[in-house]
Amino acid sequence: MRGVAVLSVVCGHAVSARPDMVGPGVAEGVLTILASGVDVFFVISGFIIATTAAGQRDPLNFTFRRAVRIYPVYWLVLLVAFVSSSWIELSPEKRPPLDLGLIFAWTYPNWYLGPAWSIAFELHFYAAVASILAIAPNRVFELLFAGLGMVVVAVVFRLQLGIYSHPLVLEFGAGIGIAYLHRNGGLRFSRRILAISAGLFAAGWYWIFVSGSADPQFARVPTYGLAAGLLIHAVVSAEIEGQSFSPILQWFGKISYSLYIVHYLVIKWIANFTGMWLLSTAGTIAASILLSIGLAFALHIIIEAPLIGWGRKWSLMRRDQQTSDVPRREAAMRIPARAE
């Protein structure tokens with residue numbers, strides 16, 4: 001599903017890059033529905049991270065693996081965006097300084113890489129999970145659900161807790177709930193769930209775009225967020241029952257992070273070359289999508305995949321070392337028989 005989610009976001013940005021060419025209404029309407037790919041990403045992240053953390057006991061290992069996954073590709077593309085922002089407008093607002101919040105993707109919005117606002121949400125979620133692993137690794141789900149309860153309170157009473165009081169954080173909770181059901185054998189596939197999911201996506205689009213919701217971010221949660229949760233529930237249930245998915249979508253899933261990070265910059269570059277759009281609007285949109293996919297594949301092969309493999313090896317070495325140290329610590333703690 002990561003492949004579907006990333007293609008949704010990429011196509012949304014490609015179509016809406018030049019509202020003057022495709023029409024403001026078309027640009028906004030297409031982006032409104034296709035931006036729901038981010039909601040799918042949040043649910044997937046909640047599911048994967050909760051599942052991983054439930055079998056994890058080392059917060060340092062968890063944090064290191066996440067950092068290796070996120071930062072190398074992000075830093076490279078951010079550097080290119082920073083350099084090119086001198087002659088290409090990446091956002092209508094005034095260009096901010098490249099501070100530590102942007103360098104480590106900890107704050108949002110992100111002027112240089114627009115879609116990276118979601119990475120800030122991801123990183124805050126990772127930080128919460130790492131804290132739980134450091135405090136009580138045997139109580140991951142209990143503390144995650146307790147944390148989600150605090151988010152609900154913060155959203156309802158409008159408490160100022162930064163990202164942790166943002167309604168979109170609750171979409172991670174949908175993934176956590178699916179991980180909990182999966183762990184306890186509570187997932188069952190149903191086609192009705194897919195139908196309800198599709199209906200909620202349509203309802204979200206109508207509420208946000210057609211009706212003009214006063215709070216679009218909040219409106220996403222009971223529509224796009226719940227729809228994404230039901231969709232991932234159905235997909236995971238189908239996989240448990242032995243169903244397989246398209247190898248092409250699986251391939252897009254592998255390069256999804258690189259594609260998510262690099263596509264916005266590529267599309268902005270192309271949008272600034274007005275001559276290309278005069279040739280063929282549809283052809284230029286297709287070219288921007290294909291070029292983004294090509295660059296993402298290169299980033300995945302050259303940077304992302306090798307570093308993920310290295311991080312996995314480091315993690316296994318660290319785990320093996322900790323396992324081998326246990327008998328040594330136990331032996332050191334034993335009292336010799338002749339000393340009794």
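Placed above this text is the structure.
In what follows, the accompanying structure is described. Every chain begins its residue count from 1, and numbering advances along the sequence as written. Totals for whole chains, interfaces and linings use all residues, but because this is a predicted model, local features are given only for residues with pLDDT of at least 70 and pairs of side-chain atoms are given and counted only at 80 or more. As a convention, hydrogens and water are excluded, and side-chain values are obtained from all of the structure's heavy atoms.

### Brief notes about the pattern of salt bridges
The rule for a salt bridge is simple: a side-chain nitrogen of Lys or Arg has to be within 4 Å of a carboxyl oxygen of Asp or Glu. With the rule as written, the count across this model stands at 3 salt bridges. D20 serves as the salt-bridge partner of R18, at 2.6 Å between the closest nitrogen and oxygen. For R220, the salt bridge is made with D39, and the minimal N-O distance between the two is 2.7 Å. Of the two residues, R220 is situated in helix α11 (residues 216-240) and D39 in helix α4 (residues 37-54); the sequence distance between them amounts to 181 residues. Only protein chains enter the area calculation, which uses a 1.4 Å probe; residues under 20% of their type maximum are buried, those over 50% are exposed, and those in between are partly exposed. A residue is classified by how much of its surface remains accessible, and R220, at 9% relative accessible area, is buried. Comment: elements are numbered from the N terminus, with helices defined as DSSP H or I runs of at least four residues and strands as E runs of at least two.

### Concerning the nonpolar core
In terms of nonpolar packing, the biggest core is built from 89 residues, with Y74, L113, I119 and I261 touching the most fellow members. If we skip the residues at most four places from it in the chain, L113 touches Y74, V77, L78, A81, I261, Y264 and L265. Throughout, nonpolar core names a set of buried Ala, Val, Leu, Ile, Met, Phe, Trp, Tyr and Cys residues whose side chains join them through atoms within 4.5 Å. We call two residues contacting when some pair of their heavy atoms lies within 4.5 Å.

### Section: a nonpolar patch on the surface
Patch definition: residues above 30% relative accessible area lacking any salt bridge, with like charges linked at up to 9 Å and the nonpolar side chains Val, Leu, Ile, Met, Phe, Trp and Tyr linked at up to 5 Å. In this description, accessible areas are obtained by the Shrake-Rupley approach with a 1.4 Å probe, and a residue is regarded as covered only by the protein chains that are shown. A cluster of nonpolar residues, V152, V153, V156, F157, L159 and L161, forms a patch on the protein surface that exposes about 540 Å² of accessible area. Tracing the sequence through the fold places L161 in the loop between α8 (140-156) and α9 (170-183). Taking relative accessible area as the criterion, L161 reaches 42% and is therefore assigned partly exposed.

### Looking at the environment of A202
Within the element layout of this structure, A202 appears in helix α10 (residues 191-210). Under the relative-accessibility criterion, A202 is labelled partly exposed at 46%. Between the C-alpha atom of A202 and that of G162, which follows or precedes it by 40 residues, the distance is 30 Å.

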